[in-house]
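The chain contents come next:
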Amino acid sequence: MLDALVVHGLQYTSYALELSLVMVLATRGWWRKHFAFFLYLSGFAFIDALLRPVVLYTYGWTSQQYLYCYWISDLVLTLGAFLFISELFRRACHDNKTLWKFLRTTLVSVFVLMALISSYTVWQHDHTLARYFVVELTQNVYFSCLVLNTLLYVMLQRADYINEDLSLIVCGLGIEFAGPAASMALAHLLSGWSGSIAFASLIAQFCNVGMLTTWLYAVAKAPEERRVRSYEKVNRVPAFAEVRVNGIR
């Protein structure tokens, strides 16, 4: 009973944060600067706070309508996240067109590879229904998004400039991707425990709220990109600092 109340509380908190983010982005004009972010967040809020609850309350938790709605919308969100991460890679490479061309080819190759792996898995298990392909493709693309987002974060930390709003957006995505990945792993490890599914759902909800809170902070703070010298980032010392060693400047 208590875990259900906590999960529902986190869900409604997520709904409130999603709507608040969309409103702040629209009113502060951030949607022009971060149109891909605004588009992805709007789609996320529509599916999570409107479409799924309406279908759930209309047809019920165990209905085929809600089952198809959930998995198809989950695929849409996962593909949207993949495209969103690709756009973030493009923004991170705005000073290096050659690197972006290489990454663009790599991203397309990753998606094609995930689709082929999903098709092979469905064929190997003799599943002919399209829903099995949807589930497999969603899971494979999701984990590729987790890896790509981690690589993007490392790439931003090693860049010669600090783009704080972009870094916070990537951090928020990292929190969101880590949640379901950890919850699925825990559900598998604790499969003998009756509360494993509820516990995994609780972790996913906490991470969802963490992502939205991070994004709301990024939007409210509205940090600007600032350039730094590469040796300042590595050594973490003030520029042109004077250092005396044994009395010698």
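Residues numbered from 1 in each chain as written. Predicted model: local features only at pLDDT ≥ 70, side-chain atom pairs only at ≥ 80, totals over all residues. Heavy atoms only, no water.

**Q** For this particular structure, what's the right way to read the overall build of the protein?
**A** Across its full length, the protein holds nine helices and two strands. Helices (α) and strands (β) of the protein occur, in sequence order from the N terminus, as α-α-α-α-α-α-β-α-α-β-α. Taken over 249 residues, the protein has a buried fraction of 38%. Partitioning the contacts of the protein with sequence separation of at least 6, the portion at a separation of at least 24 is 73%. (Helix = DSSP H or I, 4+ residues; strand = E, 2+ residues; numbered from the N terminus. Buried < 20%, exposed > 50% of the residue type's maximum accessible area, 1.4 Å probe, protein only. Contact = heavy atoms within 4.5 Å.)

**Q** Quick question: what am I supposed to make of the side chain of Asp48 here?
**A** Within the fold, Asp48 resides in helix α3 (residues 35-59). Despite its burial, Asp48 remains without a salt bridge, the nearest opposite charge being carried by Arg52 at 4.4 Å. (Lys, Arg positive; Asp, Glu negative; His and termini not counted. Salt bridge = Lys/Arg side-chain N within 4 Å of Asp/Glu carboxyl O.)

**Q** Help me out: how do you make sense of the packing of helix α4 (residues 64-92) against helix α5 (residues 97-124) in this one?
**A** When two helices pack together, their arrangement is captured by the angle between the axes and the distance separating the axes. At a minimum axis distance of 10 Å, the contact between α4 and α5 shows a crossing angle of 165°. Classified by the angle between their axes, α4 and α5 sit roughly antiparallel to one another. Classified by chirality, the crossing of α5 by α4 is right-handed. Contacts between α4 and α5 involve Leu79, Phe82, Ser86, Phe89 and Arg90 from the former and Trp100, Leu103, Leu107, Val110 and Phe111 from the latter. Taken together, the residues that form the contact of α4 with α5 break down as eight nonpolar, one polar and one charged. (Axes fitted to C-alpha atoms, helices over the stretch in contact; angles between N-to-C directions. Parallel < 35°, antiparallel > 145°, perpendicular 65-115°, else oblique. Left-handed = near helix turned anticlockwise from the far one by under 90°. Nonpolar A, V, L, I, M, F, W, Y, C, P; charged D, E, K, R; others polar.)

**Q** Sorry, what's going on with the nonpolar core here?
**A** The nonpolar side chains of a soluble globular protein tend to be buried with one another. Counting residues in hydrophobic clusters, the biggest one holds 45 residues, and the most contacted among them are Phe37, Leu88, Phe89, Leu173 and Trp215. Elements that contribute at least two residues to this core include exactly α1 (2-28), α3, α4, α5, α6 (130-157), α7 (164-189) and α8 (196-221). Broken down by element, the residue count for this core peaks at nine residues, all from α4. Excluding residues within four positions of it along the chain, Phe89 makes contact with Trp100, Leu103, Leu107, Leu148, Leu152 and Met155. (Core = buried A, V, L, I, M, F, W, Y, C linked by side-chain atoms within 4.5 Å.)

**Q** Looking at this structure, I do not really get the packing of aromatic side chains. What am I missing?
**A** The geometry of an aromatic ring pair is captured by two quantities: the separation of the ring centres and the angle between the planes. Summed over all chains, the structure comprises 13 aromatic pairs. Measuring from centroid to centroid gives 5.4 Å for Tyr70 and Trp71, while their planes differ by 90°, and the two rings are edge-to-face. On the basis of relative accessible area, Trp71 is assigned to the partly exposed category, the value being 26%. Between Tyr142 and Phe177, the ring centres sit 5.4 Å apart and the planes meet at 85°, which makes this aromatic pair edge-to-face. Pair noted here: Tyr142 is in helix α6 and Phe177 is in helix α7, with a separation of 35 residues, a long-range link. Judged on exposure class, the residue Tyr142 and its partner Phe177 are both buried. (Phe/Tyr/Trp six-rings, centres within 6.5 Å; stacked < 30°, edge-to-face > 60°.)

**Q** Just checking my understanding: could you explain the environment of Leu103 for this structure?
**A** Among the structural elements, Leu103 can be located in helix α5. Judged by relative accessible area, Leu103 falls into the buried class, the value being 15%. Among all residues touching Leu103, those that are not within four sequence positions of it are Phe89, Cys93 and Met155.

**Q** Mind showing me how you'd approach α3 here?
**A** Think of an α-helix as turning once every 3.6 residues; residues three or four places apart then point the same way. For α3, spanning 25 residues, the distance from its first C-alpha to its last is 34 Å, which sits close to the expected 36 Å at 1.5 Å a residue. The largest bend along α3 measures about 35° and falls at Ile47. Where α3 is concerned, the buried positions are Phe37, Phe38, Tyr40, Leu41, Phe44, Ala45, Ile47, Asp48, Arg52, Pro53 and Val55. (Expected span 1.5 Å × (residues − 1). Bend = angle between axes of the 7 residues up to and from the residue.)

**Q** Quick question: what am I supposed to make of a nonpolar patch on the surface here?
**A** On the surface, Phe46, Leu50, Leu51 and Val54 cluster together into a nonpolar patch covering about 340 Å² of accessible area. You can see Val54 is positioned in helix α3. Val54 sits in the partly exposed class, given a relative accessible area of 44%. (Patch = residues over 30% accessible without salt bridge, like charges linked within 9 Å, V, L, I, M, F, W, Y side chains within 5 Å. Areas by Shrake-Rupley, 256 points an atom, 1.4 Å probe, with all protein chains shown as cover.)

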